[in-house]
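Coordinate analysis (summary)
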Amino acid sequence: LMDWNNNGKLEPAELAATFTLFNVGSEITRYKFLFHCLDLDESRSVDKQEFRAFLTALLEAKYRLSGLKNYRDPDELYIDISYSEYRTIAKITANALVREIFLFADQN
């Protein structure tokens, strides 16, 4: 259930994504756990690569649980995309989100 990329290992981003999806624990506990899971190099900060890994795992989990359809996108956007391609779609979406978030953070 949690090994979203099926590599046989439970990675921190996959674990964080699962806990986020299921809202386990108090809000503070989830945020602390999430930060710890995202800070892969234990630098006490989260860089773009770490954030991308988390978002990719979270989005892939979401897609596998509920499909690709999004109420904002036209129905034709996700035609003929196989289940095995969900990770690629998750990576592209995560890359775009991280870019947007870091650009916003740099300006503010």
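Residues numbered from 1 in each chain as written. Predicted model: local features only at pLDDT ≥ 70, side-chain atom pairs only at ≥ 80, totals over all residues. Heavy atoms only, no water.

Some thoughts on the nonpolar core
Definition in use: In this description, a nonpolar core means a group of buried Ala, Val, Leu, Ile, Met, Phe, Trp, Tyr and Cys residues linked to one another through side-chain atoms lying within 4.5 Å. The classification of residues rests on relative accessible area computed with a 1.4 Å probe and restricted to protein chains. Under 20% of the type maximum is buried, over 50% is exposed, and intermediate values are partly exposed. Where helices and strands are cited, they refer to DSSP runs of H or I of at least four residues and of E of at least two residues respectively, numbered from the N terminus. Throughout, a contact is declared for two residues whenever any of their heavy atoms are within 4.5 Å.
Residues F51, F54, L55, L59, Y63 and L68 are the most contacted members of the largest nonpolar core, which totals 13 residues. Broken down by element, this core gets its largest block of residues, 6 residues, from helix α3 (residues 48-66). Once residues within four sequence positions are removed from consideration, L59 is found in contact with A90, T93, A94 and L97.

Focus on helix α4 (residues 86-107)
Residue pairs three or four apart in sequence face the same way in an α-helix, which turns once every 3.6 residues. This is how the line gets drawn: For a helix, the expected span equals 1.5 Å multiplied by the residue count minus one. The arc in question is the one traced by the directions running from the helix axis out to the C-beta atoms.
Counted at 1.5 Å a residue, the expected span for α4 with its 22 residues is 32 Å, and the 32 Å between its end C-alpha atoms agrees. Listed in full, the buried residues belonging to α4 are Y86, I89, A90, A94 and V98. The buried residues of α4 all sit within an arc of 160° when viewed along its axis, so they share a single face. Across from the buried face of α4, at angles greater than 90 degrees, the exposed residues are I92, R99, E100, D106 and Q107.

Examining the confidence of the model for the protein chain
Where the model shows low pLDDT, its predicted coordinates should not be examined in detail. For clarity, the threshold we go by: The quantity known as pLDDT measures the predictor's confidence residue by residue, on a range of 0 to 100.
Averaged over all residues, the pLDDT of the protein chain equals 78, while 80% of them reach at least 70. Here helix α1 (residues 12-22) is the element of the protein chain with the lowest mean pLDDT, 68, and α4 is the one with the highest, 88.

Some details on the pattern of salt bridges
The line we're drawing: Any carboxyl oxygen of Asp or Glu that lies within 4 Å of a side-chain nitrogen of Lys or Arg is treated as forming a salt bridge with it.
Taken as a whole and assessed by the stated rule, the structure comprises 2 salt bridges. Where E60 meets R64, a salt bridge forms, and the shortest distance between an N and an O atom there is 2.9 Å. Highlighted residues: E60 and R64, both in helix α3, separated by 4 residues, approximately one helical turn. Accessibility classification places E60 together with R64 in one group, the buried group. The residue E60 makes a salt bridge to R87 at a minimum N-O spacing of 2.9 Å. Placement of the pair is E60 in helix α3 and R87 in helix α4, with a sequence separation of 27 residues.

Some remarks on the packing of α3 against α4
Basically, it comes down to this: Simply put, an axis is a line fit to the C-alpha atoms, just over the touching stretch for a helix, and the angle between two N-to-C directions goes from 0 to 180 degrees. Comment on the angle field: the value is read as roughly parallel under 35 degrees, roughly antiparallel over 145, roughly perpendicular from 65 to 115, and oblique elsewhere. By definition, turning the near helix anticlockwise from the far helix through less than a right angle yields a left-handed crossing, and turning it clockwise yields a right-handed one.
Relative to each other, α3 and α4 sit at 135°, their axes nearing to 8 Å. One finds that α3 runs oblique with respect to α4. For α3 against α4, the interelement crossing comes out right-handed. Facing K48, F51, R52, L55, T56, L59, E60, Y63 and R64 of α3, the residues of α4 in contact are Y86, R87, I89, A90, K91, T93, A94, N95, L97, V98, I101 and F102.

Remarks on unusual backbone geometry
Of note in this structure, E42 is not a glycine but carries a positive phi near 55°. By the element assignment, E42 lies in the loop between α2 (27-38) and α3. We note that R44 has phi near 65°; this positive angle belongs to a residue other than glycine. With respect to the helices and strands, R44 occurs in the loop between α2 and α3. For R44, a relative accessible area of 74% gives the class exposed.

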